[in-house]
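Summary of the model geometry
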Amino acid sequence: MYDIDATHDPELKSWVASANETGAEFPIQNLPFGRFRPAGSNGGWRIGVAIGDQVLDLRVAGVIDTDDMNALMAAKPEERQALRRRISEGLREGSGDKAAWSEALLAQAQCEFTVPCKVGDYTDFYTGIHHATTIGKLFRPDQPLMPNYKWVPIGYHGRASSIVVSGQDFKRPKGQTKAPDAAEPSYGPCKRLDYELELAFYVGAGNALGEPVPMAEAESHLFGVGLINDWSARDIQAWEYQPLGPFLSKNFASTVSPWIVTMEALAPFRSAFTRAEGDPQPLPYLDSPGNRERGQLDITVEVLLQTAKMREAGTAPHRLTKGSVAEAAYWTAAQLVAHHTVNGCNLQPGDLLGSGTLSGPTPDACGSLIELTLGGKQSIELPNGEKRTFLEDGDTLILRGWCERDGAVRIGFGEARGTVRE
Ligand code: CA
């Protein structure tokens with residue numbers, strides 16, 4: 001579906017010098033999409049592509065004639081691929097567009113960003129099998145994984161209105177909780193605030209109501225991938241989640257990265273989808289040759305924490321964990337699309353599918369604090385001596401992601417950063 005082509009050539013360089021630096025997040029092989037405007041302006045949001053430390057205003061560059069990201073995402077894959085080729089050609093060294101496009105560049109540092117598209121519906125899945133197992137053990141030591149887990153991609157419908165972009169603060173939620181030894185529930189601020197490291201899969205072209213998307217076409221309905229932190233109030237969650245699942249413990253804020261890395265950009269970073277021996281093979285509607293060959297995404301993700309004290313002392317954020325998406329995810333993005341629509345449910349351009357918490361098999365790859373601290377029983381110590389079981393006011397949490405492979409240029413996702421306020 002998404003093949004390696006001239007836009008992925010590792011020899012390609014851009015006339016935007018910062019894009020050619022080793023380890024750059026946004027080299028010319030990446031070209032992720034976002035919505036921006038000059039910082040402090042009241043103008044409308046514009047569609048841009050990140051290149052080095054700059055953003056290219058696609059409308060000013062004359063490449064598109066819309067400010068509607070969702071309309072652009074709904075385009076057919078061949079139209080999207082043509083747009084990617086056009087942007088790549090205009091930004092590469094020696095391009096005749098350099099003089100005109102230089103006028104369409106803004107420094108990212110002088111821009112503000114918003115959620116990269118209008119998210120109509122947000123569904124959160126639960127594809128991280130190590131996360132599901134560790135969490136399950138806390139609640140059900142004898143049967144950590146529910147019997148359906150290896151057969152059906154588990155998910156629930158989340159809330160789109162509280163999705164915010166990286167850099168925005170949010171208030172610690174208040175709500176109803178009940179300690180295990182308390183006779184009655186009480187009301188107050190969440191005491192067990194956590195993060196969840198997830199990928200955000202953005203839907204491109206939708207499907208009509210009543211018409212499921214088959215596996216062979218599932219990836220053509222995906223526009224790209226970003227990072228999402230599904231902030232979670234564990235004490236509220238523990239009291240409210242039965243029988244209908246999480247509700248107010250999840251919908252107070254979810255932080256996304258400003259950029260959508262396209263499925264095209266990810267073409268060099270794919271790997272096989274396999275099942276461990278003894279695990280059931282996916283049912284036929286969740287299986288395809290393409291998915292078996294290269295359904296997984298080779299993305300490395302990490303979580304960093306900077307407390308208010310660290311910030312005051314000028315200490316850099318401390319990495320809590322780092323892990324591999326392919327190792328963590330039990331289901332692929334294509335399987336989530338096929339499963340979501342199998343009953344005829346219609347997806348629409350800009351819909352967001354969360355992967356679920358992506359934890360690796362070891363503690364240094366945990367995607368949440370509830371796992372890292374064994375349900376809050378064992379605190380972690382930070383380099384400055386501070387301790388954490390759950391997040392405190394003033395804590396900033398940062399998710400980062402990137403793809404790296406021999407024969408390809410490294411591409412980054414940017415970051416999803418959020419700070420908890422009282
Ligand atoms: Ca989640």
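Please read these numbers as outputs of a predicted model, since none were measured by experiment.

Attention now moves to helix α10 (residues 333-341). The buried count for α10 comes to nine of nine residues, which makes it a mostly enclosed element. For α10, every residue scored as buried is listed here: A333, A334, Q335, L336, V337, A338, H339, H340 and T341.

This paragraph deals with helix α4 (residues 129-139). Burial in α4 covers these residues: I129, H131, A132, I135 and G136. The arc that holds every buried residue of α4, seen down its axis, measures 155°, which confines them to one face. Buried positions along α4 lie against α9 (325-328) and α11 (369-372).

What follows covers the environment of D395. Here D395 is to be found in the loop between β24 (387-388) and β25 (396-403). Each C-alpha atom, one on D395 and one on A238, is 23 Å from the other, the two residues being 157 residues apart in sequence. With near-sequence residues (within four places) excluded, D395 lies in contact with L305, Q306, T307, A308, R388, G418, T419 and V420. Within the structure, the side chain of D395 is placed 2.8 Å from the side chain of R388, a separation counted as a polar contact. A polar atom in the side chain of D395 sits 2.9 Å from the backbone nitrogen of E392.

Take the coordination of the calcium ion next. At 2.2 to 2.3 Å from the calcium ion lie its protein donor atoms, namely D124 (OD), E196 (OE), E198 (OE) and D230 (OD). The exposure class of E198 is buried, given its relative accessible area of 1%. By relative accessible area, which is 0% here, D230 ends up buried.

The next point concerns the domain arrangement of the protein chain. Per the domain assignment, the segments making up the protein chain are domain 1 (6-114) and domain 2 (122-421). Computed over C-alpha atoms, the centres of domain 1 and domain 2 are 28 Å apart. Contact residues are listed per partner, giving 28 residues for domain 1 and 27 residues for domain 2. When the two sides are added together, the surface that domain 1 and domain 2 hide from each other amounts to roughly 2300 Å², 64% of it contributed by carbon and sulfur. The tally of links between domain 1 and domain 2 comes to two salt bridges. Notably, a salt bridge pairs E25 with R410, separated by 3.5 Å at the nearest N-O pair. Inspection of the region where domain 1 meets domain 2 yields nine residue pairs in polar contact (both at pLDDT 80 or more). Secondary-structure elements contributing two or more residues to the side of domain 1 that touches domain 2 are β1 (33-38), β2 (46-51), α1 (69-73), α2 (77-91) and β5 (111-114).

Reading the values: the criteria
- Residues numbered from 1 in each chain as written.
- Predicted model: local features only at pLDDT ≥ 70, side-chain atom pairs only at ≥ 80, totals over all residues.
- Heavy atoms only, no water.
- Buried < 20%, exposed > 50% of the residue type's maximum accessible area, 1.4 Å probe, protein only.
- Helix = DSSP H or I, 4+ residues; strand = E, 2+ residues; numbered from the N terminus.
- Arc of directions from axis to C-beta.
- Contact = heavy atoms within 4.5 Å.
- Polar contact = N/O pair within 3.5 Å; in protein donor to acceptor, adjacent residues only side chain to side chain.
- Donors = N, O, S within 2.8 Å, 3.2 Å for Na, K, Ca; no water.
- Domains from an automatic or database assignment.
- Buried area = accessible area lost by both parts, 1.4 Å probe.
- Salt bridge = Lys/Arg side-chain N within 4 Å of Asp/Glu carboxyl O.

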